[in-house]
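Residue-level structural notes
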Amino acid sequence: MSDKFSRDKQKDIMDKVRVRFAPSPTGYLHVGGARTALFNWLFARHEGGKFILRIEDTDKKRSSGELESAMLEDIEWLGLKWDEGPGLDGEFGPYRQSERVDIYRKYVKKLVSDGTAYPCFCSEELLAGKKERMIKEGVPPRYDGTCRNLSEEEIEGKRKEGLPESVRFIVDADKENSIDDIVRRNVVFPPGMVGDFVILRSNGLPTYNFAAAVDDALMKISHVIRGEEHLSNTLRQIMIYRALGMDIPKFAHIPLILGSDRSKLSKRHGAPNVRDYRREGYPPDAVVNYLAMLGWSSPDQKEILTLEELVSGFTLERVSESPSIFDKTKLRWVSAQNIRAGKAARYLDTAAEYFPETFRERYTDGEIEKIFNIISENMSCFSEIEKLILPFSPGHARFDKEIFKEYPESGKLLKNLIEEIENTGEWTEESVKDVIKGSGKLSGVKGKDLYMPIRVAVTGEVHGPDLSSILLIKGKEDILDSLKHAYSEIQS
């Protein structure tokens, strides 16, 4: 086989990879949904394929345009740009299910015509009663086929009565179904798991399973990558594919994400929505980095990875079957590692909005950059900036005078430091270190007895960033003013 032939064949395989993320705009983008979108996006990019975004909005009572816009914003914020979808139509649109209802009805009619689906006139109350009775009898609740064998005359009669009419798919209760799942390997669905199920509701809208199967087939989806909670849906969907003579995509059911108590992740476990983490100031690439590790591991076992490294190393074969535990402490660690590595070069534009106006008015862009680089060593999200920048706050610091009692030479030290600074010309990194060293020598103190009183006088805190850096960035006049104020306070 020639190299050219191999390349052409590989390109042909890659061109056929099409995956989709199909959220319902009934809430903000959940962490689980974001992880599903990420795995689809990474797989598509790794294989040189297409990532399609499809909006499943046929639930009119719960869906909203506002939530859809918010969800699209969050997906874009994560950096998961789609190749086809809302605002980026391709040849397989439209990409909102509410705009595809006529397509679904056409295929429902085909199934009814083929004898693999039928009209059902059972009311919700009747169905609820049957279900309750089956549960009491210890029988798996499923539709009993009441309307499956209605004659044409009976069907017309019920229609004339104006009874609500849905359409059900006929299930071969004796047939075993199976799929070769990329993550869970061979999955067998025993006979009798489901009864005849609804594919078109009485309001004329399709059910999830029917719409999803038709859309995946018509949009040429090659791989369906989604959470393992959808396994029961897969059974129904492969029945629909077969009945319509459509190609069945490959499936990969990824593991659940659980809370620390090993229950399904929910709001009570913290902030399970992407928007919550945006508000807290987590960098998007850090969130993506962490989400990728929930059920997948890199070939070289690295935990801190760029988007490019994730794309390069991502394969479905490395996705685990076991549930993942969402650990906010680990998320904070991953985020802190990303911020520390990227510093101002990567994050300053985003982080700048977390600096208060007083800082932006007081400091130059270059000084803000220096401050950010210093505090980024101890930051896990940008909402922490407000607290971390306190040592650099302009003006007098608030402090507890009692602290100075622990350092008997504080008054003498501050007086000498003030004189040293007043006699200093240019305020540079070298001169700052010289005045600290000089005042310590004149006062007969060193180590903690030297640095602690100065830090408290300038910042009001006993801990913080490098003292010399604080003095240098705040500037000579600001430091002098703070020291004189502190000296006056401890002398009073």
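Placed above this text is the structure.
As the structure is a prediction and not an experimental result, all values here were calculated from the model. (Residues numbered from 1 in each chain as written. Predicted model: local features only at pLDDT ≥ 70, side-chain atom pairs only at ≥ 80, totals over all residues. Heavy atoms only, no water.)

What follows covers the overall build of the protein chain. Broken down by element type, the protein chain carries 20 helices and eleven strands. For 492 residues, the compact-globule estimate of 2.2 N^0.38 gives 23 Å, and the C-alpha radius of gyration of the protein chain, at 32 Å, exceeds that figure by more than 25%. Projecting the C-alpha coordinates of the protein chain onto the three principal axes gives extents of approximately 110 × 65 × 40 Å. Put simply, the protein chain has 492 residues, and 48% of those count as buried. Taking contacts inside the protein chain between residues at least 6 apart in sequence as the whole, the part at least 24 apart equals 75%. On the protein chain, roughly 24,500 Å² of surface is accessible, and the fraction owed to carbon and sulfur atoms is 49%. Seen as two clouds, the 73 positive and the 81 negative side-chain charges of the protein chain have centres 3 Å apart. (Helix = DSSP H or I, 4+ residues; strand = E, 2+ residues; numbered from the N terminus. Rg over C-alpha atoms; globule rule 2.2 N^0.38 Å. Buried < 20%, exposed > 50% of the residue type's maximum accessible area, 1.4 Å probe, protein only. Contact = heavy atoms within 4.5 Å. Areas by Shrake-Rupley, 256 points an atom, 1.4 Å probe, with all protein chains shown as cover. Lys, Arg positive; Asp, Glu negative; His and termini not counted. Charge placed at Lys NZ, Arg CZ, Asp CG, Glu CD.)

Our focus in this paragraph is the pairing of strand E2 (residues 50-53). Pairing of strand E1 (residues 18-21) with E2, which is carried by four bridges, proceeds in the parallel orientation. Bridging across to E2, Phe21 finds its partner in Leu53. For the crossover from E1 across helix H2 (residues 31-47) to E2, the handedness is right-handed. (Pairing = 2+ DSSP bridges. Right-handed = clockwise from strand over helix to strand, strands pointing away.)

Turning our eyes to something else, we now look at the pattern of salt bridges. Scanning all chains against the criterion turns up 37 salt bridges. Here Asp216 and Arg54 are joined by a salt bridge, their closest N and O atoms 2.9 Å apart. In this pair, Asp216 sits in helix H7 (residues 208-218) while Arg54 sits in the loop between E2 and helix H3 (65-77), placing the two residues 162 residues apart along the sequence. Taken as a pair, Asp216 and Arg54 share a single burial class, namely buried. A salt bridge links Asp114 to Lys110, with the nearest nitrogen and oxygen atoms 2.9 Å apart. Of this pair, Asp114 and Lys110 both sit in helix H4 (residues 101-114), four residues apart, which is roughly one turn of the helix. Classification of Lys110 as partly exposed rests on a relative accessible area of 35%. Three or more residues joined by partner-sharing salt bridges are found here, namely Arg20, Arg54, Glu56, Arg100, Asp215 and Asp216. (Salt bridge = Lys/Arg side-chain N within 4 Å of Asp/Glu carboxyl O.)

Right, let's talk about unusual backbone geometry for a bit. Gly93 connects to Pro94 through a cis peptide bond whose omega is 0°. Within the secondary structure, Pro94 sits in the loop between H3 and H4. Within the chain, Lys343 stands out as a residue other than glycine whose phi angle is a positive 45°. Note that Lys343 resides in helix H12 (residues 328-351). Take Lys343: its relative accessible area is 24%, and that puts it in the partly exposed class.

Another point: the packing of aromatic side chains. Per the counting criterion, the structure on display carries twelve aromatic pairs. Here Tyr277 and Phe326 contribute two aromatic rings whose centre-to-centre distance is 6.1 Å and whose plane-to-plane angle is 40°, an arrangement assigned as tilted. In this pair, Tyr277 is assigned in helix H9 (residues 274-280) and Phe326 in the loop between strand E11 (324-325) and H12, connecting sequence segments 49 residues apart. With a centroid separation of 6.0 Å and an interplanar angle of 50°, the aromatic rings of Tyr354 and Phe382 are classed as tilted. Placement of Tyr354 in the loop between H12 and helix H13 (357-362) and of Phe382 in the loop between helix H14 (365-375) and helix H15 (385-388) is noted, with a sequence separation of 28 residues between them. Judged by relative accessible area, Phe382 falls into the buried class, the value being 1%. (Phe/Tyr/Trp six-rings, centres within 6.5 Å; stacked < 30°, edge-to-face > 60°.)

With that settled, consider the side chain of Asn338. For Asn338, the position within the fold is in helix H12. Its relative accessible area of 5% is what places Asn338 among the buried residues. Not counting residues up to four positions away in its chain, the partners in contact with Asn338 are Asp285, Ala286, Asn289, Ile304, Arg346 and Tyr347.

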